[in-house]
Amino acid sequence: MNLDGLLHTMVSFLLKLLIGQSLIEYLVQFRIPLIFWKLNLPPKIKHFLCKCINDCLAVNGNIGRYVQHVDKKCPLCNTHIETVDHLLLDCHVIKDMYTGVNSVFTGMYNGNNLKNWVATWYANVTTTRQTNHDFIISAGFMLWHSWKSRCAKVFDHAWKSRCAKVFDNVQVQVNLYKRRVQGDITNWNNAHRQQNNTSSGTCI
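In short, a report on the structure. None of these values were measured; they are calculated from a predicted model.

**Here we look at the overall build of the protein chain**
Move 1: If you tally the helices and strands in the protein chain, you get 10 helices and zero strands.
Move 2: Put simply, the protein chain runs from its N terminus to its C terminus through helices and strands in the order α-α-α-α-α-α-α-α-α-α.
Move 3: Taking the intrachain contacts of the protein chain between residues at least 6 apart in sequence as the baseline, contacts between residues at least 24 apart amount to 55%.

**Some words on a positive patch on the surface**
Move 1: A contiguous patch of positive charge, built from K44, K148, R179 and R180, is present on the exposed surface.
Move 2: The topology assignment puts K44 in helix α3 (residues 43-53).
Move 3: Since its relative accessible area comes to 44%, K44 is described here as partly exposed.

**As for the pattern of salt bridges**
Move 1: On inspection of all chains with the given rule, the structure shows two salt bridges.
Move 2: Note that D55 is salt-bridged to R65, the shortest N-O span being 3.1 Å. Taken as a pair, D55 in the loop between α3 and α4 (60-63) and R65 in the loop between α4 and α5 (84-90) lie far apart in primary sequence, 10 residues in all.
Move 3: Overall, the relative accessible area of 34% leaves D55 in the partly exposed class.

**Quick word on the packing of aromatic side chains**
Move 1: Under the definition given, this model contains seven aromatic pairs.
Move 2: The interplanar angle of 55° and the centroid separation of 6.3 Å between the aromatic rings of Y98 and Y177 together place this pair among those described as tilted. Of the two residues, Y98 is situated in helix α6 (residues 92-101) and Y177 in helix α10 (residues 170-203); the sequence distance between them amounts to 79 residues.
Move 3: By relative accessible area, Y98 is classed as buried at 0%.
Move 4: Overall, the relative accessible area of 2% leaves Y177 in the buried class.

**A look at the nonpolar core**
Move 1: Among the nonpolar cores identified, the biggest contains 41 residues, and F48, L88, Y98, L114, W117, W121 and L143 are the most heavily contacted of them.
Move 2: Mapped onto this core, the elements with two or more residues apiece are α3, α5, α6, α7 (114-123), α8 (129-155) and α10.
Move 3: Sorting elements by how many residues they give to this core places α8 first, with 10 residues.

Rules and cut-offs
- Residues numbered from 1 in each chain as written.
- Predicted model: local features only at pLDDT ≥ 70, side-chain atom pairs only at ≥ 80, totals over all residues.
- Heavy atoms only, no water.
- Helix = DSSP H or I, 4+ residues; strand = E, 2+ residues; numbered from the N terminus.
- Contact = heavy atoms within 4.5 Å.
- Patch = residues over 30% accessible without salt bridge, like charges linked within 9 Å, V, L, I, M, F, W, Y side chains within 5 Å.
- Areas by Shrake-Rupley, 256 points an atom, 1.4 Å probe, with all protein chains shown as cover.
- Salt bridge = Lys/Arg side-chain N within 4 Å of Asp/Glu carboxyl O.
- Lys, Arg positive; Asp, Glu negative; His and termini not counted.
- Charge placed at Lys NZ, Arg CZ, Asp CG, Glu CD.
- Buried < 20%, exposed > 50% of the residue type's maximum accessible area, 1.4 Å probe, protein only.
- Phe/Tyr/Trp six-rings, centres within 6.5 Å; stacked < 30°, edge-to-face > 60°.
- Core = buried A, V, L, I, M, F, W, Y, C linked by side-chain atoms within 4.5 Å.

Here it is as structure tokens:
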């Protein structure tokens, strides 16, 4: 960011504080667009999260606004209307999967919608930089695989014949989700570490 951009952001922040805007509202409005794309996550997950926080994800609730005769219910729990916030934060099926990977994960976003919760990733001053970095990677991959699990149930016809049984068996579902999330995080961290080592070697 150039000097003019930095000054504009600082002035905007001070003005918003003066008129009572909260830090989270400020982060949502100004900071996320500036630093969102710098997250240490694969581009596909950044694009996915961008769709989520702008409510552009093709969940049934959004599709139902424009297409008639669409069942707006969540395909996982089959109880509530499928919004982005419901699918990724509130659905009890997804919560079970989150708990299987990280037992405290669901407590981190209680009371927040997805956009405000993502904003807190940048407002967290109680943790070290490395801890926050690791959390963002975990959160990004967990949200991404939640969407993939949902899409597998809706679209993967080869899996559809046994999909209901898998989702009825909570433990099987959680173990599969956990294995995929942890495997992808490990592969991403290893690739990123190798890239940094290569860059360091080139500089030397």
